[in-house]
Amino acid sequence: MMRTILSACKQVQTPLLDIPGLNMELFNPRRRKEKVVFVIGATGTGKSKLSIDLATRFPAEIINSDKMQVYKGLHIVTNKVTEEECRGVPHHLLGIADPNTNFTAMDFCHHASLAIQSITARNRHPIIAGGSNSFIEALVNEALVTDVPEFKSRYECCFLWVDVSLPVLHRFVSERVDRMVEAGLVEEVRRIFDPEADYSRGIRRAIGVPEMDQFLRGERIIGDKIAAQYLRKAIAKIKENTCKLACSQLDKIHRLQNIRGWKIHRLDATEAFLKRGDDAEEAWEKHVAGPSTDIVGCFLRHQDCVPNIVVPVPSTAIIGSTVPMTAVAAASH
Ligand SMILES: *[C@@H]1O[C@H](CO)[C@@H](O)[C@H](O)[C@H]1NC(C)=O
């Protein structure tokens, strides 16, 4: 599979806002609040696709909230959107950070805030999309930035959660790892391989990089047969770690919903994942893109409509969750 790499994907430089008086205006409580849409969900559920769908239906721009896609490089490993997938929608915070240093939640809050201000100043809507719930939580709850008023007092938030039943998602992300390997994952990681490198920093923390270490260290000295074994082990480990990531992302979303009390609209994309081709597209439109468009439309029109698809977490979504929902609910009281 050929991937057009996204540098061509319209990268937006967020201008530093340094306009006297602007911030006072932003924090004026009587000012109408700007609206921010969030697209959250586990890895592989189609957050990018949904955010781009929405940005082609509303005047919107996307702010990436995936802590690995924020770095430059490793397009295949981090599963960045291709230029074709972007469909001309401007993306912020995608492939901008130095891959050798940590881009922290605090960095995210800073850069995302600037991007939001720049997007809303141009009368467009920010859609924040990505799997790093810790970034989203830091931004919305401002736990890390004490000198700025609460995010929620400045912005109205609408949370969309793309959910896929875990057994279906696990199968999908495993197959996705195979597709990444076909697309050149091994070559991509080999290019940044450095036996002295620190795997606890920057882009080398991405799933797909540390797992390849043993194989890349050994491939020139061990025989082909053993190298092939190491590679198979590495790929199995990448799949396992991706599935673990999906589970922890879901746990975190349940916590935001049940303990933080965030009102999150859940879209069940499972049917779209069980189908192929046009049927899959149709199911996606019916269960995910269509309902999301309705929700966002209401939200942006300042209507007080609560779409009826706000539902309690269904049992399928908590398979594999380490915290039973009853325990979570009890803990929140
Ligand atoms: C980078 O972040 C990771 C994960 O939070 C942490 O374990 C590591 O110590 C950090 N490294 C540096 C150099 O700050």
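Taking an unreviewed UniProt entry as the reference, the protein chain is identified by name as adenylate dimethylallyltransferase (ADP/ATP-dependent) belonging to Vitis rotundifolia. Heading Function (unreviewed entry) of the UniProt record for the protein chain holds this comment: "Involved in cytokinin biosynthesis. Catalyzes the transfer of an isopentenyl group from dimethylallyl diphosphate (DMAPP) to ATP and ADP." Reading the Subcellular location (unreviewed entry) entry of the UniProt record for the protein chain gives the comment "Plastid, Chloroplast".

With that settled, consider the packing of aromatic side chains. This model, assessed by the stated rule, comprises 7 aromatic pairs. Their ring planes at 50° and their centres at 6.3 Å tell us that Phe103 and Phe135 sit as a pair that is tilted. Separated by 32 residues along the polypeptide, Phe103 in the loop between strand 3 (91-92) and helix 4 (105-121) and Phe135 in helix 5 (residues 133-141) bring together distant segments of the chain. When the centroid spacing of 4.5 Å and the interplanar angle of 20° are considered together, the rings of Phe159 and Trp262 count as stacked. With Phe159 in strand 5 (residues 155-163) and Trp262 in the loop between helix 10 (224-258) and strand 6 (264-268), this residue pair connects regions lying 103 residues apart in the sequence. Note on accessibility: Phe159 and Trp262 belong to one class, buried.

So, about the pattern of salt bridges. Scanning the model with the defined rule gives 18 salt bridges in all. Lys237 is the salt-bridge partner of Glu240, the closest N and O atoms lying 3.5 Å from each other. One end of the pair, Glu240, and the other, Lys237, are both in helix 10, 3 residues apart, so they sit about a helical turn from each other. Note on Glu240: relative accessible area 37%, which makes it partly exposed. Across the pair Glu271 and Lys275 runs a salt bridge whose closest N-O atoms are separated by 3.1 Å. Residues joined in a network through salt bridges with shared partners are Glu61, Arg122 and Arg124.

Looking at the element boundaries, Lys233 is found in helix 10. Here the alpha-carbon distance between Lys233 and Gln214, two residues 19 residues apart in the chain, equals 9.6 Å.

Attention shifts here to the environment of Pro126. If you trace the backbone, Pro126 turns up in strand 4 (residues 125-129). On the accessibility criterion, Pro126 (0% relative accessible area) is buried. Between the alpha carbons of Pro126 and Ile63 there is a distance of 6.8 Å; along the sequence they are 63 residues apart. Apart from residues no more than four positions distant in its own chain, Pro126 is found in contact with Lys35, Val36, Val37, Glu61, Ile63, Ile116, Ile119 and Thr120.

Predicted coordinates in regions of low pLDDT should not be interpreted in detail. The share of residues in the protein chain with pLDDT of 70 or more is 79%, and the mean pLDDT across the chain is 85. Across residues 1-9, confidence stays below pLDDT 50; counting only partners more than four residues off in sequence or on other chains, it has 20 contacts.

We now examine the site of the ligand. The local shell around the ligand consists of Asn102, Ser200, Arg201 and Arg205. Asn102 places a side-chain nitrogen or oxygen 2.3 Å from an oxygen atom of the ligand. When the ligand sits alone it has 360 Å² of accessible area, and the protein chains cover 39% of it.

Our focus in this paragraph is the nonpolar core. Judged by nonpolar contacts, the single largest core of 91 residues is most densely connected at Phe38, Ile128, Leu139, Phe151, Leu160, Leu185 and Met212. Formed jointly, this core draws a minimum of three residues from each of two domains, domain 1 (34-168 + 255-331) and domain 2 (170-241). Excluding anything up to four places from it in sequence, Leu160 contacts Val37, Phe38, Val39, Ile40, Leu50, Leu54, His265, Leu267, Ser292, Ile295 and Val296.

Moving on, we get to the environment of Arg201. Tracing the backbone through its elements, the reader meets Arg201 in the loop between helix 8 (185-192) and helix 9 (213-218). For Arg201, a relative accessible area of 41% translates into the label partly exposed. Separated by 101 residues in the primary sequence, Arg201 and Asn100 have C-alpha atoms spaced 6.4 Å apart. Among all residues touching Arg201, those that are not within four sequence positions of it are Pro99, Asn100, Thr101 and Asn102.

A few words on helix 8. Those residues of helix 8 that sit buried are Leu185, Val186, Glu188 and Val189. Buried residues of helix 8 fall within an arc of 165° about the axis and therefore sit on the same side. Tucked inside the fold, the buried residues of helix 8 contact helix 7 (166-183), helix 9 and helix 10.

This part takes up empty space enclosed by the protein. Applying the stated criterion across every chain, the model contains 2 cavities of 30 Å³ or more. Taken as a whole, the second largest cavity holds about 30 Å³ of empty space. Broken down by secondary-structure element, the contributors of at least two residues to the lining of the second largest cavity are strand 4 and helix 12 (277-300). Split by residue class, the lining of the second largest cavity holds 7 nonpolar, 1 polar and no charged.

Rules used in this analysis
- Numbers given to residues run from 1 along each chain, matching the order in which its sequence is written.
- Local features in this predicted model are restricted to residues of pLDDT 70 or higher, and side-chain atom pairs are both shown and tallied only at a pLDDT of 80 or more, whereas totals for entire chains, interfaces and linings draw on every residue.
- Here the side-chain values reflect all heavy atoms present in the structure, with hydrogen atoms and water set aside.
- UniProt positions are given in the numbering used here, feature names are shortened, and annotations may be inferred rather than shown by experiment.
- Think of it this way: a Phe, Tyr or Trp ring, Trp meaning its six-membered ring, pairs with another when their centres are within 6.5 Å, and the plane angle makes it stacked under 30 degrees, edge-to-face over 60, tilted otherwise.
- Think of it this way: any DSSP run of H or I at least four residues long counts as a helix, any run of E at least two long counts as a strand, and we number them from the N terminus.
- Each residue's exposure class comes from its accessible area (1.4 Å probe, protein chains only) as a fraction of the maximum for that residue type: buried when under 20%, exposed when over 50%, partly exposed otherwise.
- Salt bridge criterion: a side-chain nitrogen from Lys or Arg within 4 Å of a carboxyl oxygen from Asp or Glu.
- The contact criterion used is simple: two residues touch if any of their non-hydrogen atoms lie within 4.5 Å.
- Values of pLDDT, ranging from 0 to 100, describe the predictor's confidence in every residue of the model.
- Any residue with at least one heavy atom within 4 Å of a molecule or strand is counted as near it.
- A 3.5 Å cut-off defines polar contacts: any pair of N or O atoms within that distance qualifies, except that in protein one atom must be a possible hydrogen donor and the other a possible acceptor, and neighbouring residues in sequence count only when both atoms are side-chain atoms.
- Using the Shrake-Rupley algorithm and a 1.4 Å probe, accessible areas are obtained, with residue cover drawn only from the displayed protein chains.
- What we call a nonpolar core is a set of buried Ala, Val, Leu, Ile, Met, Phe, Trp, Tyr and Cys residues that are connected through their side-chain atoms within 4.5 Å.
- Domain boundaries shown here were taken from an automatic or database domain assignment.
- Note: the arc covers the axis-to-C-beta directions of the helix.
- Using protein atoms alone on a 1 Å grid, points that fit a 1.4 Å probe yet trap it form a cavity, whereas open point sets bounded by protein on both sides within 12 Å along at least five of seven lines form a pocket; residues with an atom within 4 Å of a point count as lining.
- Grid points are joined across faces, edges and corners, and a volume is the space filled by probe spheres set on the points.
- Here the term charged refers only to Asp, Glu, Lys and Arg, the term nonpolar to Ala, Val, Leu, Ile, Met, Phe, Trp, Tyr, Cys and Pro, and the term polar to all other amino acids, Gly among them.

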